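Analysis of the macromolecular model
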Amino acid sequence: MRIGTAISYAGGFGESVADIVELEKAGLDVVFVPEAYSFDAVSQLGYLAAKTERVQLASGIFQIFTRTPTLTAMTAAGLDFVSDGRFILGLGASGPQVIEGFHGVKYDAPLARTREIVEICRQVWRRERVVHEGKHYTIPLPPEQGTGLGKPLKLINHPVRERIPVLLASLGPKNVALTAEIAEGWQPIFFHPEKAADVWGESLAAGKAKRDPALGELDTFVTVALAIGDDVEPLLDHVRPMVALYVGGMGARGKNFYNDLACRYGYEAEAKLIQDLYLDGKKEEAAAAVPAELLRAISLVGPAAYVKERLAAFADAGVTTLVVSPLQPGREARVAGVSQLRELIG
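Basis of the calculations
Residues numbered from 1 in each chain as written. Predicted model: local features only at pLDDT ≥ 70, side-chain atom pairs only at ≥ 80, totals over all residues. Heavy atoms only, no water. Helix = DSSP H or I, 4+ residues; strand = E, 2+ residues; numbered from the N terminus. Rg over C-alpha atoms; globule rule 2.2 N^0.38 Å. Buried < 20%, exposed > 50% of the residue type's maximum accessible area, 1.4 Å probe, protein only. Areas by Shrake-Rupley, 256 points an atom, 1.4 Å probe, with all protein chains shown as cover. Lys, Arg positive; Asp, Glu negative; His and termini not counted. Charge placed at Lys NZ, Arg CZ, Asp CG, Glu CD. Phe/Tyr/Trp six-rings, centres within 6.5 Å; stacked < 30°, edge-to-face > 60°. Domains from an automatic or database assignment. Contact = heavy atoms within 4.5 Å. Buried area = accessible area lost by both parts, 1.4 Å probe. Salt bridge = Lys/Arg side-chain N within 4 Å of Asp/Glu carboxyl O. Polar contact = N/O pair within 3.5 Å; in protein donor to acceptor, adjacent residues only side chain to side chain. 1 Å grid on protein atoms, 1.4 Å probe; cavity = no way out; pocket = protein on both sides within 12 Å on 5 of 7 lines; lining within 4 Å. Points joined across faces, edges and corners; volume = space filled by probe spheres on them. Nonpolar A, V, L, I, M, F, W, Y, C, P; charged D, E, K, R; others polar.

Per an unreviewed UniProt entry, the protein is named LLM class F420-dependent oxidoreductase, and its organism is Amycolatopsis balhimycina DSM 5908.

Given below as structure tokens:
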């Protein structure tokens, strides 16, 4: 099992980079750079490529609506080049609040768009002349829709790899099935190892049945809060606001993917309460309403023996990479946490 981490959405980039340099020495395998409605991830990934030597660099995530498919492919190839083949292309749909609210782009057909984007990216990386006729993207642009001067082109540069790993962040049944079919990696959120098979097992099996064997086994990247020690249980409270934000505030009633996930885990009443409180502006009360049982299940917080047991549960559920969010403050504690986890994984 590999170990990853993610840098913060906002602020402290210099400190985060210094952390990553030390975490790489402690055994970190991959670092994710998010791109919500903060600074772009590309500039930060390029900077990290220059400051690190071994750790893989992943976009976590590029939103599929904010770049053309070919620009996404060009960007991935460029980041793979400057990192000497260490880049992972993380893609996701985000949600209408960000896509329409911040970018002013219509949020539609995320599933079909994702499939087409991945197909186009792989054409670009193989240095084929890009020709694509899909429902949502047509390359080159048909003459009647433009000047008529467009022609098929191929990437000028030779990519480091013609198959850059694609990781899809997905939650819904159809999205997860698509991920298992076409992607090298899958990144769910709030992964509950004991309930994952009930929620996603059927979708994963359906996608894998159509999977090209050349893609290899599906890598599963799961984000977990991390704190190892005998007196760290109270640190779980630091996870509450984030869970409340997603389950309660990331979308309107009836249009919140994360709330739907909590319901599928069996927390229907709690999910409704969290959302009602959050949307009424009672964020602290919403955070307090997050079930402790759920927090423990999706985290690695507790004594070393307990964490080792939880590691086995995540492994049994198919997790291949743990993307940790250290809860203990200070660089020394964060590095120590990753080192301890590396020892426990063995």
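Moving on from the coordinates now.
Turning our attention to the overall build of the protein. When helices and strands are tallied, the protein shows 14 helices and 12 strands. A compact globule built from 346 residues should have a C-alpha radius of gyration of about 20 Å, and the protein, at 20 Å, falls within 12% of that. Its C-alpha atoms give the protein principal-axis dimensions of about 65 × 45 × 40 Å. Classification of the 346 residues of the protein by burial places 50% in the buried group. Surface accessibility of the protein: about 16200 Å² in total, with carbon and sulfur atoms responsible for 55%. Of the charged side chains in the protein, 36 are positive and 42 negative; the average position of the first set lies 6 Å away from that of the second.

Enumeration over the complete set of coordinates arrives at 12 aromatic pairs. On the numbers, 6.3 Å between centres and 75° between planes, the contact of Trp186 with Phe191 is edge-to-face. Assigned by exposure class, Trp186 and Phe191 land together as buried. Seen from their ring centres, Phe191 and Trp200 are 5.8 Å apart, and the 10° between their planes marks the pair as stacked.

How big an interface is tends to be stated in terms of accessible area lost as the parts join. By the assigned domains, the protein splits into domain 1 (2–230 + 299–345) and domain 2 (231–298). Each of domain 1 and domain 2 has a C-alpha centre, and these two points are 24 Å apart. Listed per partner, the contact involves 31 residues of domain 1 and 23 residues of domain 2. Carbon and sulfur atoms supply 64% of the area buried between domain 1 and domain 2, which totals about 2200 Å² over both sides. On the domain 1 side of the contact with domain 2, Phe190, Val199 and Ser299 bury the most area, a combined 30% of that side's loss. Run the count over domain 1 and domain 2 and you get 0 salt bridges. On inspection of domain 1 and its partner domain 2, the count reaches 7 residue pairs in polar contact (both at pLDDT 80 or more).

This next bit is on empty space enclosed by the protein. For the coordinates displayed, the defined rule picks out 1 cavity of 30 Å³ or more. Approximately 40 Å³ is the volume found for the largest cavity. Along its surface, the largest cavity is lined by Phe190, Val243, Val247, Tyr258, Leu261, Ala262, Tyr265 and Leu294. Put simply, the parts of the chain that give the lining of the largest cavity at least two residues each are helix H8 (240–249) and helix H9 (257–264). Of the residues in the lining of the largest cavity, the class split is 8 nonpolar, no polar and no charged.

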